[in-house]
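A closer look at the structure
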Amino acid sequence: MGQEEKNVYNVLKERGFVEQVSDEQKVRKMLSSPITCYIGFDPTADSFHVGSLVPIMALAHMQRFGHRVIAVLGGGTAMIGDPSGKTEMRKLMSAETIDRNAEGLRRQLERFLDFSHGKALMVNNAEWLRPLNYIEFLRDIGRHFSVNRMLAAESYRQRMETGLSFIEFNYMLLQAYDYLYLYRNYNCTLQMGGNDQWGNILAGSDLIRRVEGGDAEALTFPLLVTATGAKMGKTEKGAVWLDPSKTSPYEYYQYWINTDDRDVERFLLLFTFLPVDRVKELASLEGADIRKAKEVLAFETTKLCHGEEEARKAQEASRALFGGGGVGDEAVPTVEIQSDRFKEGIPAYILFVEAGLAKTRGQAKRLIEQGGGYINGKRLESFGYVVTVDDFSDNVLLLRAGKKKYARIKLIDS
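Here the residue index of a chain counts from 1 through its sequence in written order. The predicted origin of the model limits local features to residues at a pLDDT of at least 70 and limits the giving and counting of side-chain atom pairs to 80 or more, whereas totals for whole chains, interfaces and linings rest on all residues. With hydrogens and water set aside, each side-chain value is computed from the structure's full complement of heavy atoms.

Re helix H4 (residues 53–64)
Along its twelve residues, H4 runs 16 Å from first to last C-alpha, staying within 8% of the 16 Å computed at 1.5 Å per residue. Residue burial is assigned from relative accessible area. The probe radius is 1.4 Å, only protein chains are included, and a residue is buried under 20% of its type maximum, exposed over 50%, and partly exposed in between. Counting from the N terminus, the helices are DSSP H or I runs at least four residues long and the strands are E runs at least two residues long. By the criterion of burial, H4 is predominantly enclosed, with eleven of the twelve residues buried. Of the positions making up H4, those classed as buried are Leu53, Val54, Pro55, Ile56, Met57, Ala58, Leu59, Ala60, His61, Met62 and Gln63. Backbone geometry just downstream of H4 places Gly66 in the positive-phi region, at approximately 90 degrees. A helix is expected to span 1.5 Å multiplied by its residue count minus one.

Examining empty space enclosed by the protein
A water-sized probe, rolled over the atoms, reveals where empty space remains. Cavity means a closed set of points on a 1 Å grid over the protein atoms alone, one where a 1.4 Å probe fits but cannot get out, pocket means an open set with protein on both sides within 12 Å along at least 5 of 7 lines, and lining means a residue has an atom within 4 Å of a point. Grid points are joined across faces, edges and corners, and a volume is the space filled by probe spheres set on the points. In total, this model carries one cavity of 30 Å³ or more according to the counting rule given. Surrounding the largest cavity, Leu53, Met57, Phe112, Tyr252, Phe271, Thr301, Leu304 and Cys305 form its lining. Sorting the residues of the lining of the largest cavity by element identifies H4 and helix H16 (290–306) as the ones contributing at least two each. Per element, the largest residue contribution to the lining of the largest cavity is three residues, and it comes from H16. Among the residues forming the lining of the largest cavity, the class breakdown is seven nonpolar, one polar and no charged. Three categories are distinguished: nonpolar for Ala, Val, Leu, Ile, Met, Phe, Trp, Tyr, Cys and Pro, charged for Asp, Glu, Lys and Arg, and polar for the others, with Gly belonging to the last.

Let's talk about the packing of aromatic side chains
When the centres of two rings from Phe, Tyr and Trp lie within 6.5 Å, Trp using its six-membered ring, the rings pair. Their planes under 30 degrees apart give stacked, over 60 give edge-to-face, and anything left gives tilted. The tally for this structure, following the rule as stated, stands at twelve aromatic pairs. For the pair Phe41 and Phe48, a centre-to-centre distance of 5.2 Å together with 75 degrees between the ring planes defines the contact as edge-to-face. On the basis of relative accessibility, which here comes to 7%, the residue Phe41 falls in the buried class. Relative to Tyr177, the ring of Phe137 has its centre 5.6 Å away and its plane inclined at 85 degrees; by these criteria the two rings are edge-to-face. Here Phe137 is found in helix H7 (residues 134–140), whereas its partner Tyr177 is found in helix H11 (residues 171–186), with 40 residues between them in sequence. Comparing Phe137 with Tyr177, the two get one shared label, buried.

Take a look at the structure:
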């Protein structure tokens, strides 16, 4: 492998991570030897969702090429709320909630990054933002910012019509100060983030130049939508979380295996570490064979997030279900219901709602009327079909909605 090929910038660009960069030539040259870079994550929930995987994977690539990476948990900035990409002000959270969320994110990042021996660092900007003296901050930092330039930033311009609060207006200053703090204390010279952060990141680079006379660069990632135009990581049931208690490994696997054919190559490049040649080979598959590529995508992404054993279980469960296999696999989302309720029976449409395969009874009725409801592989003829203990095998019953959504019902003693 030549020196040019070893540069992580070329890898990020080839795999589709680069949307904008402050100075491509300078950034490529800078990345030819080890540097320190960072990405900020505001702990607005106690788990990441699939939409956060692009920045997480970018940090993992940086680390694999010998760079020191810093994940900044925004325990301080989350108390303000980032207006970027939002049409209304975020709900303000307590310091206790933010700190609890930060701990959940920390555990998930450890799946993707090696924090041993200082190879990666995780810091919380609450450490330096919460103790700030407001007057000193305005005098030392605020004086370097032009209100006119701030209002020209995309994140603020979009909000001017719906209303921008003064507390949010401070966000850019705080994120810029983060970059300055990391530059001073960790020699951090590259900040990365989603493309909606472009203005905030450039503000930090500019602050470092003004205050320290230093060079610090910016790189942003594309904001992903699927081929259907949906926001990445969103489903009918809501967000696809990295926390297995919110989205089970099986459901996580199913999210990826149900990828639109048009997204398979892009997602393999972004969300796995498979070599580009292997990705091109998988992406060239056509017709029914494209399912093989989706299976690789689902297995690799689930392995990264939940470990190889859980990925294997999810794969086996998926194969069994799609191959018309049995109903006993524990990896499939399972709802436990007391056996007494089935003595008189439960109408099928109600059971579909309780199993999470339909949001409302009306939706469940329509699903079954249109031929999309199955029990143990057999299509239901009527939404009013009454399910009893006789429909169970070894205290387990399998429901299916359409071609791809499954749930197990398990009997438990009353």
